[in-house]
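# Commentary on secondary and tertiary structure
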Amino acid sequence: MFSEYDIIVAGAGHAGCEAAAAAANLGSKVLLVTMNLQTIAQMSCNPAMGGIAKGQIVREIDALGGYSGIVSDLSMVQFRMLNRSKGPAMWSPRSQNDRMLFAQTWRNMLEQTKNLDFYQDTVRGLLIKGNRIAGIVTNLGHEIHGKAVVLTNGTFLNGVIHIGEKQFAGGRVSEKAATGITEQLIALGFESNRLKTGTPPRVDGRSLDYSKMDEQKGDEEISGFSYLDTKKPLKQKSCWITYTNTKVHEILKTGFDRSPMFTGRIGGVGPRYCPSIEDKINRFSERDRHQLFVEPEGWDTVEIYVNGFSTSLPEEVQYDALRTVPGFENVKFFRPGYAIEYDYFPPTQLHSSLETKLIDNLYFAGQINGTTGYEEAACQGLIAGINAHLKTSEQAPFTLKRSEAYIGVLIDDLINKGTEEPYRMFTSRAEFRTLLRQDNADLRLTEMSYKMGLASQERMELVKEKSNQTAEIIQILREVSLDNSEADPYLLSLGSAPLSQKQKALQILLRPEADLLTMARRIPKIGDKILTYKPDSIQQAEIQIKYEIYIQKEKELVSRMNDLENLNIPRNFDYGKVSALSSEALQKFKKIQPETLGQASRISGVNPTDVQILMVYMGR
């Protein structure tokens with residue numbers, strides 16, 4: 001019934017979809033196995049993509065030839081570029097999406113992908129020969145053989161759902177948990193632990209009074225996520241903002257004695273940066289209100305996602321408390337919020353390719369590695385899918401450095417530091433964030449992917465065009481001089497000092513209040529030359545000019561860091577021979593098996609002296 005596949009992907013969430021698409025587009029014969037073909041790429045939590053640092057990840061996925069950016073653009077109901085008031089390193093795209101259209105679009109794109117088959121069943125075990133993966137075993141008893149397997153199990157591994165004092169097995173509400181895989185992996189020597197996440201109630205938008213809330217509209221200009229020319233919506237839906245109050249908090253407290261989080265029924269650690277509403281009022285008792293975002297679930301539904309009200313309290317407590325929130329006095333529930341507890345495998349058990357250290361050709365991606373968020377899962381899936389293909393094709397693995405992508409930061413953090421709580425990406429985690437902007441992910445990553453065979457010729461041509469146009473614009477600004485009659489009307493409109501002498505256009509642009517697009521529109525001598533270029537190229541030129549000093553400083557730091565990054569450590573290096581290492585460093589090196597001295601230097605608990613000793617011992 002089943003032929004042998006190059007790669008089998010277990011799970012069709014965001015990680016699984018990206019893994020399957022990447023491997024298939026690179027030429028591998030791929031099977032995507034999922035419990036339910038109707039829930040492919042389901043947005044299990046909020047109907048949104050991107051946000052602070054997460055938006056940069058989606059753009060990086062797109063630049064590499066993944067699908068998340070395209071799907072987000074085609075299903076968005078609202079778009080906002082966050083942090084516009086800050087520097088471009090902090091700008092983060094975010095979309096509100098139509099939940100059903102998002103999943104439908106993902107499935108359509110997967111079904112149009114060559115080399116990709118689908119099968120609806122549950123994976124309950126792995127086929128292993130020696131220390132190498134050989135395939136999977138399903139609940140229906142099928143043994144399906146594959147050269148590599150990518151596990152993207154989400155919250156399904158021994159998942160338990162909690163609503164107040166009620167608890168039942170499940171990977172999502174109304175969906176059964178997956179059993180067998182954790183137990184088998186532990187028997188093989190893997191370390192496992194438990195994490196917890198949660199979701200808020202879904203409510204009937206017709207029962208809300210929006211006049212008591214603040215409207216939050218989308219941006220007038222929709223830039224979107226994909227560097228391809230994707231179709232953008234002609235109109236947008238608004239989100240709304242309201243707040244809890246002391247009365248809401250008092251009602252919520254009445255359920256604390258039945259809260260699975262406070263009574264100890266939940267043993268897994270929850271996301272510190274996205275706490276439940278009961279956790280918020282417990283930890284931040286000095287605050288008398290918390291912000292709630294009222295988010296539409298799509299174009300053609302009245303269902304509303306109450307962002308900020310994640311909870312596992314008893315249903316009647318959720319309901320009574322929410323009815324005291326302004327605008328929610330007559331609220332009707334579609335379903336209550338709940339918490340879910342699930343197994344994960346500390347990611348220090350992985351190589352930087354996301355292949356496991358214990359079993360060859362077995363890859364983990366997404367929440368199985370302890371991350372939280374669609375974007376974090378999707379980028380891991382992409383990298384795992386790429387590397388599964390490369391490994392089975394006998395090619396070197398593809399990895400990204402911390403200086404090359406947020407994806408590189410995320411994976412480096414996971415494999416070197418591990419995580420004991422759901423890992424979420426922030427701009428603060430990236431030490432080179434001036435280089436890792438959302439506007440230049442294509443310039444950073446597309447050529448790498450194109451050479452590998454994943455990013456298309458069309459993407460590569462767009463990158464070349466953008467790069468050339470950016471250079472031409474910068475050269476124009478270096479060459480064109482402006483006098484008072486040409487520049488002063490624009491400068492005075494900004495409240496900026498007039499010219500004291502003739503000046504190059506580039507120097508005028510360096511003034512903090514100046515921006516290139518407005519400058520080009522107001523000064524014909526510039527506009528005639530620049531406004532024929534694409535908006536992305538104009539913006540790129542402006543950023544490179546204004547932030548040149550900061551960009552150059554970070555490049556110098558990267559260059560120094562790469563000296564260590566390029567010093568490889570043999571795969572089976574015997575650290576026990578290096579007697580001068582500290583006991584903690586010796587323990588960490590043996591466990592994590594760093595691939596380079598750079599990676600060794602970033603392991604938690606390893607100090608610079610340990611790295612220097614290792615360097616001397618290796619004759620470096």
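Refer to the structure above for everything that follows.
Residues numbered from 1 in each chain as written. Predicted model: local features only at pLDDT ≥ 70, side-chain atom pairs only at ≥ 80, totals over all residues. Heavy atoms only, no water.

## With respect to the side chain of threonine 419
Here threonine 419 shows up in the loop between α10 (406–417) and α11 (441–452). There is a polar contact of 2.4 Å between the side chain of threonine 419 and the backbone oxygen of glutamate 421. Contacts of threonine 419, omitting those with residues within four sequence positions, involve Tyr344, Pro347, Asn369, Gly370 and Leu414. (Helix = DSSP H or I, 4+ residues; strand = E, 2+ residues; numbered from the N terminus. Polar contact = N/O pair within 3.5 Å; in protein donor to acceptor, adjacent residues only side chain to side chain. Contact = heavy atoms within 4.5 Å.)

## Observations concerning the pattern of salt bridges
A complete count under the given rule lists 32 salt bridges for this structure. Residues arginine 202 and glutamate 297 are paired through a salt bridge, measuring 3.4 Å at the closest nitrogen-oxygen approach. Placement of arginine 202 in strand β13 (residues 202–204) and of glutamate 297 in the loop between β16 (291–296) and β17 (303–307) is noted, with a sequence separation of 95 residues between them. Residues joined in a network through salt bridges with shared partners are Arg402, Asp412, Asp413, Lys417, Glu431, Glu565 and Arg602. (Salt bridge = Lys/Arg side-chain N within 4 Å of Asp/Glu carboxyl O.)

## Some words on the sheet that holds strand β19 (residues 338–344)
Ordered in space as β11-β10-β19-β12, the 4 strands form an open sheet in which the pairing is antiparallel. The strands lining the two open edges of the sheet, one partner per strand, are β11 (166–169) and β12 (193–199). Taken pair by pair, the neighbouring strands of this sheet meet at an average axis angle of 25°, ignoring direction. Pairing of strand β10 (residues 160–163) with β11 involves 4 bridges; the strand directions are antiparallel. When the sheet's bridge partners are listed, isoleucine 163 is paired in β11 with lysine 166. (Pairing = 2+ DSSP bridges. Axes fitted to C-alpha atoms, helices over the stretch in contact; angles between N-to-C directions.)

## Here we look at the sheet that holds strand β5 (residues 92–97)
Strand order in the open sheet formed by 3 strands is β3-β5-β4, with antiparallel pairing between adjacent strands. Here the strands that pair on one side only, and so sit at the sheet edges, are β3 (48–50) and β4 (76–82). The mean angle between the axes of side-by-side strands here comes to 15°, regardless of whether they run parallel or antiparallel. As judged from the 6 bridges shared by β4 and β5, these two strands associate in the antiparallel manner. Counterpart to glutamine 78 in the pairing with β5 is glutamine 96.

## Quick look at the environment of alanine 405
By the element assignment, alanine 405 lies in the loop between α9 (374–392) and α10. C-alpha separation for the pair alanine 405 and phenylalanine 432, spaced 27 residues apart in sequence, amounts to 9.0 Å. Setting aside its immediate chain neighbours within four residues, alanine 405 contacts Glu60, Leu400, Leu436, Arg444 and Leu445.

## Focus: the side chain of threonine 242
Along the chain, threonine 242 falls in strand β15 (residues 239–243). Judged by relative accessible area, threonine 242 falls into the buried class, the value being 2%. A polar contact is formed between the side chain of threonine 242 and the backbone oxygen of proline 326, at a distance of 3.0 Å. Residues within four places of threonine 242 in sequence aside, it is in contact with Met213, His290, Gln291, Leu292, Val294, Val325, Pro326 and Phe328. (Buried < 20%, exposed > 50% of the residue type's maximum accessible area, 1.4 Å probe, protein only.)

Shape is all these values report; function is a separate question.
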